[in-house]
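Working through the structure, step by step
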Amino acid sequence: MRKIKNFYILFLIGYISYCLVYVARLNLSIVSTEAEFVKVISIKQYGLLGSAFLISFACGRLINGIIGDKIHPRFMLYIGLTLSGIANLGLSFLPAFPIFIALWSVNGYAQSMLWGSLLSYISYISPAEKRVTSVSLLVSSVAVGSVIGLLIATFATTTFGVGAAFLIPGILSIALAFLPLLAFTEKMEIKKSGKNSHIPMHKMLRIPGIYIMLLPAILHGVIKDNISSWAPKFFQSSYGFTISQMQIFLYIIPVIGMVGRLAYPRFYGIFRHKENVVSLVSAAICAVSMLPLVLGVKNIIVASICLCVTNAAINIINTSMLSMFPLHFAESGNVSSVTGIMDFATYMGAGLGSAFYGATMTGQNYGLMFATWLGIAVAISLLLTIIIKTPKFNKV
């Protein structure tokens, strides 16, 4: 068993690094309701921004998943955070839409460099008996980073203006990029021969247990990132809230999502370490929580609870597909590349969803979005039932 000195410090640095991803991502969601931003970016252009970011992120995850198995995580994290910071600094000037979408796409690609390499590094330095717990705690950085990002963006926007919501995350990303570069010095030794040898990408895509998971990954991606992207506009359009008034509702959603991620080890144990069963139950919960929103519930408390439960359930599914599933390939050194494949599918779904919602949203027409989420949750449940019941799909 590997004994890594300063494991908790290294884990904390990795945790902070991934928090920065969401600090430099959710700023767009907050400023999207501000008059200064709306003057230069229409709702359809906002949908295109989300789509460009997510598709760029998806393609980057596929590319960087392969690269991440060959280059040490310290360099991947440093380059990714620095490039993301530079893109955000450029966005702080609120350039014309063509430049804005180009920089936001660069931000998406840059952020795609982190997760696979970080997951690979943390799973490598974690003692075997703590690996599931370590990964479950690591993925909670998504929710913590979301809350911190919302706080920073809200403070910056209301105090200094829209540009500051990009300027501050840019500075933080560049400044803290040096932490993993200087700290992640542990050499990663991967077995090169025998049954645990590294699997080439073209062979991995032929493994039934991998390619069958791509469709549910795409479907859950449509919901995951579009919750945080469209929640501010939903609260503003449906209830007439300003950025200050909607703060509490926007913060609760990622916090409940974090609860779902932190509770993952318990669910994982209850369902006998079968991540697909955990995802199946979560998809069913997601479908039930969507019903009131599809039926047009008017009470903001009920609507918020439904969004919170949906977010928690979809985050549990996300943990299963993008964090636990790739660990099956830890011994062969394919964690980063498998994560890249699953991320690619997830964020392609998110990107296509963002473009679709941007093109179809008019006024308070959020019923269509919630109806598609309900249908997606049901589809995921059916797909996972088939996967669980088919032996060849459970071999990875």
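Worth saying up front: this structure is predicted, and the values here are computed from it rather than measured. (Residues numbered from 1 in each chain as written. Predicted model: local features only at pLDDT ≥ 70, side-chain atom pairs only at ≥ 80, totals over all residues. Heavy atoms only, no water.)

**Comments concerning a nonpolar patch on the surface**
A grouping of Ile63, Ile67, Ile71, Phe75 and Ile79 is seen on the molecular surface, where their side chains present a nonpolar patch of about 380 Å² in accessible area. The set of elements that each furnish at least two residues to the nonpolar patch consists of α4 (43–68) and α5 (73–91). Along the chain, isoleucine 63 falls in helix α4. Residue isoleucine 63 is classed as partly exposed on the basis of its relative accessible area, which comes to 41%. (Patch = residues over 30% accessible without salt bridge, like charges linked within 9 Å, V, L, I, M, F, W, Y side chains within 5 Å. Areas by Shrake-Rupley, 256 points an atom, 1.4 Å probe, with all protein chains shown as cover. Salt bridge = Lys/Arg side-chain N within 4 Å of Asp/Glu carboxyl O. Helix = DSSP H or I, 4+ residues; strand = E, 2+ residues; numbered from the N terminus. Buried < 20%, exposed > 50% of the residue type's maximum accessible area, 1.4 Å probe, protein only.)

**Brief notes about the environment of valine 281**
Mapped onto the secondary structure, valine 281 falls in helix α17 (residues 275–294). Remark: the alpha-carbon pair of valine 281 and alanine 313, spanning 32 residues in sequence, is separated by 8.6 Å.

**Some points on the confidence of the model for the protein chain**
For residues with low pLDDT, the predicted coordinates do not support detailed interpretation. For the protein chain, mean pLDDT is 87; residues scoring 70 or higher make up 94% of the total. Across residues 191–195, confidence stays below pLDDT 50; counting only partners more than four residues off in sequence or on other chains, it has 5 contacts. (pLDDT = per-residue confidence, 0-100. Contact = heavy atoms within 4.5 Å.)

**As for helix α15 (residues 247–262)**
The terminal C-alpha atoms of α15, which comprises 16 residues, lie 23 Å apart, in line with the 22 Å expected from a rise of 1.5 Å per residue. For α15, the set of buried residues is Phe249, Leu250, Tyr251, Ile253, Pro254, Gly257, Gly260 and Arg261. Where the residues of α15 are buried, they touch α2 (27–31), α8 (131–139), α9 (141–160), α14 (214–239), α16 (264–270) and α18 (300–324). (Expected span 1.5 Å × (residues − 1).)

**What to know about the pattern of salt bridges**
Scanning all chains against the criterion turns up 3 salt bridges. Across the salt bridge formed by aspartate 225 and arginine 25, the nearest N and O atoms sit 3.2 Å from each other. Taken together, the positions of aspartate 225 in helix α14 and arginine 25 in the loop between α1 (7–23) and α2 put the pair 200 residues apart, joining distant regions of the chain. Looking at arginine 25, the relative accessible area reads 5%, which means it is buried. Among the ionic pairs, aspartate 343 bridges to arginine 61, the shortest N-O distance being 2.6 Å. Within this pair, whereas aspartate 343 is found in helix α19 (residues 335–360), its partner arginine 61 is found in helix α4, the two being separated by 282 residues in sequence. Of the two residues, aspartate 343 and arginine 61, neither departs from the other in class, the shared state being buried.

**A short note on the packing of aromatic side chains**
When we look at a pair of aromatic rings, we describe it by the centre distance and by the angle of the planes. A complete count under the given rule lists 23 aromatic pairs for this structure. A centroid spacing of 5.3 Å and a plane angle of 70° characterise the contact between phenylalanine 7 and tyrosine 8, whose relative ring orientation is edge-to-face. Looking at phenylalanine 7, the relative accessible area reads 10%, which means it is buried. The exposed category is assigned to tyrosine 8, whose relative accessible area is 58%. Measuring from centroid to centroid gives 5.9 Å for phenylalanine 100 and phenylalanine 166, while their planes differ by 85°, and the two rings are edge-to-face. Separated by 66 residues along the polypeptide, phenylalanine 100 in helix α6 (residues 97–111) and phenylalanine 166 in helix α10 (residues 164–176) bring together distant segments of the chain. Each member of the pair, phenylalanine 100 together with phenylalanine 166, is buried. The residue whose ring lies beneath arginine 25 is tyrosine 22, and the NZ or CZ to ring-centre distance is 4.4 Å. Geometry around phenylalanine 57 places arginine 25 over its ring, the cationic atom sitting 5.0 Å from the centre. (Phe/Tyr/Trp six-rings, centres within 6.5 Å; stacked < 30°, edge-to-face > 60°. Lys NZ or Arg CZ within 6 Å of the ring centre and 35° of its normal.)

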